[in-house]
Amino acid sequence: MEEARNAAPVRSGEIPFHKPYIAEDEIAEVLDSLRSGWITMGPKTVRFEEAFRNYMGSKNAVSMNSCTACLHLALKTIGVQEGDEVILPAFTFTATAEVVTYFRARPVLVDIDEQTFNIDVSKIEEKITGKTKALIPVHYAGQPCEMDDIIALARGRGLAVVEDAAHAVPARYKGRMIGTIGDVTCFSFYATKTLTTGEGGMATTDNGEWAERMRILRLHGISKDAWKRYTNEGSWHYDVIEAGYKYNMTDIQAALGIAQLKKVDWMWTRRKRIAEQYSASLAHLPEVRTPDVKSDRESAWHLYVIRLVPGSLTIDRNRFMEELRGIGVMTSVHFIPLFRQTYYANEFRYTSGSFPVSARLYDEILSLPIYPAMTDEDVGRVAESVEYVIKKFRK
Ligand SMILES: Cc1ncc(COP(=O)(O)O)c(C=O)c1O
């Protein structure tokens with residue numbers, strides 16, 4: 001009987017892990033750029049920066065071709081140098097740490113908080129040394145970190161705070177937008193993110209000098225408004241004032257960003273609804289734990305990460321994902337902790353024993369699909385599929 005009631009949810013095609021929400025207005029805006037003849041950085045990039053700055057309420061917004069580039073230039077701008085240390089969570093994507101290694105500085109990992117998956121602030125202080133230069137909190141899945149505590153800790157020790165907000169468009173901490181709190185905040189517009197330009201990123205900061213330095217560094221270190229040299233306003237003459245990078249955004253990317261930003265609140269509301277629908281549908285299953293967002297903050301809901309309660313199923317997380325795939329539901333894992341990656345383990349001798357929470361949670365988690373292009377039926381089917389696999393393999 002139980003078997004009959006627990007029939008596999010009706011399969012009608014696959015539910016991908018992610019699909020960007022691209023509509024006719026994005027397409028029209030990109031076509032407009034293509035027809036205008038201006039396809040690399042230009043007027044639309046400037047417009048997108050302006051719109052993003054206004055949306056976030058920050059004083060400056062500097063676009064680049066990725067969040068990784070933003071993190072790199074943020075660290076360069078605040079003055080990270082060879083031999084310095086930068087503190088960040090163990091439970092993040094490699095980009096957060098790799099930018100530290102660009103300087104021959106050391107990424108110093110801190111374990112995470114079990115409820116939020118964000119850096120455990122109570123474990124930061126013991127990692128601060130005379131070499132520590134900055135903290136990079138990561139707003140995991142879109143839920144803001146304990147920013148008051150992080151800022152207080154940093155200010156007391158003279159450290160900079162560079163936020164990795166790759167997941168956090170839009171997110172709020174105690175009513176304040178992420179993008180207006182730390183020294184520099186770095187956002188990602190990668191294809192799977194809550195606002196996408198295909199590839200892209202934005203650094204916000206209230207420090208005008210830092211913003212100007214990042215603007216110069218992102219385009220070869222050329223003094224002021226290098227892109228204008230091909231316009232009537234500009235001049236062919238330019239001056240390279242330091243060795244920079246080729247990190248600029250293009251107008252084709254910015255065209256996507258302009259259209260996406262107009263619907264960012266709608267897309268956020270849709271993600272929130274999906275998260276609520278999942279949490280309500282899965283609440284009765286003791287084998288899963290659904291995500292928790294603290295009451296004083298709002299998540300961007302970039303990811304919806306569930307935990308499988310250890311010992312409650314006859315299969316492990318990997319097999320659980322395979323079972324879901326078998327019935328057409330694609331999932332992912334965010335993240336494989338840095339100490340489990342060959343490079344970080346070899347180069348910095350990190351081991352899982354030093355990060356017990358991250359090590360344990362890594363084995364329990366999977367990310368369910370969450371994106372505005374999903375219908376309520378899609379969300380229902382994912383939840384039913386999770387329930388189906390649980391019932392099939394519960395102890
Ligand atoms: C936490 C985190 N930081 C940084 C990045 C890098 O973003 P980008 O691909 O725009 O460089 C990602 C990308 O997935 C991420 O998840």
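Source: prediction; values computed, not measured.

1. What about the sheet that holds strand E7 (residues 176-177)?
By definition, the strands of a sheet pair up through backbone hydrogen bonds, in either a parallel or an antiparallel sense. The strand order across the open sheet built from 3 strands is E7-E6-E11, with neighbouring strands paired in antiparallel fashion. Two strands bound the open sheet, and with one partner strand each, they are E7 and strand E11 (297-298). Relative to E7, strand E6 (residues 172-173) runs antiparallel, the two sharing 2 bridges. Residue pairing across strands places Tyr-173 opposite Arg-176, the latter belonging to E7.

2. Describing the nonpolar core
One finds Tyr-278, Phe-320, Leu-368 and Val-386 to be the most contacted residues of the largest nonpolar core, which totals 44 residues. Mapped onto this core, the elements with two or more residues apiece are helix H9 (264-282), strand E12 (304-308), helix H10 (317-326), helix H12 (356-364), strand E13 (365-368) and helix H13 (376-393). When residues of this core are assigned to their parent elements, the largest contribution, 8 residues, is made by H13. Lining this core are residues from two domains, each supplying at least three of them: domain 1 (24-262) and domain 2 (264-393). If sequence neighbours within four positions are ignored, Leu-368 has contacts with Phe-17, Tyr-278, Leu-282, Tyr-304, Ile-306, Thr-331, Val-382 and Val-386. In this structure, Val-80, Phe-103, Ala-166 and Met-214 belong to the second largest nonpolar core, which totals 39 residues.

3. Quick look at the environment of Arg-317
Mapping Arg-317 onto the fold places it in helix H10. Since its relative accessible area comes to 5%, Arg-317 is described here as buried. Sequence-wise, Arg-317 and Gly-57 are 260 residues apart; in three dimensions their C-alpha atoms are separated by 41 Å. Contacts of Arg-317, omitting those with residues within four sequence positions, involve Leu-308, Val-333, Tyr-362, Asp-363, Glu-364, Ile-365 and Leu-366.

4. Brief notes about the packing of aromatic side chains
What the rule picks out here adds up to 19 aromatic pairs. Ring centres 5.6 Å apart and planes at 25 degrees place the aromatic pair Phe-348 and Tyr-350 in the stacked group. Of the two residues, Phe-348 and Tyr-350, both sit in the buried class. Above the face of the Trp-268 ring, Lys-272 is positioned so that its terminal group lies 3.7 Å from the ring centre.

5. A few points about the side chain of Glu-364
If you trace the backbone, Glu-364 turns up in helix H12. A relative accessible area of 6% means that Glu-364 is categorised as buried. Contacts of Glu-364, omitting those with residues within four sequence positions, involve Ile-306, Arg-307, Leu-308, Pro-310 and Arg-317.

Each value, and the rule that gives it
- Residues numbered from 1 in each chain as written.
- Predicted model: local features only at pLDDT ≥ 70, side-chain atom pairs only at ≥ 80, totals over all residues.
- Heavy atoms only, no water.
- Pairing = 2+ DSSP bridges.
- Helix = DSSP H or I, 4+ residues; strand = E, 2+ residues; numbered from the N terminus.
- Core = buried A, V, L, I, M, F, W, Y, C linked by side-chain atoms within 4.5 Å.
- Buried < 20%, exposed > 50% of the residue type's maximum accessible area, 1.4 Å probe, protein only.
- Domains from an automatic or database assignment.
- Contact = heavy atoms within 4.5 Å.
- Phe/Tyr/Trp six-rings, centres within 6.5 Å; stacked < 30°, edge-to-face > 60°.
- Lys NZ or Arg CZ within 6 Å of the ring centre and 35° of its normal.

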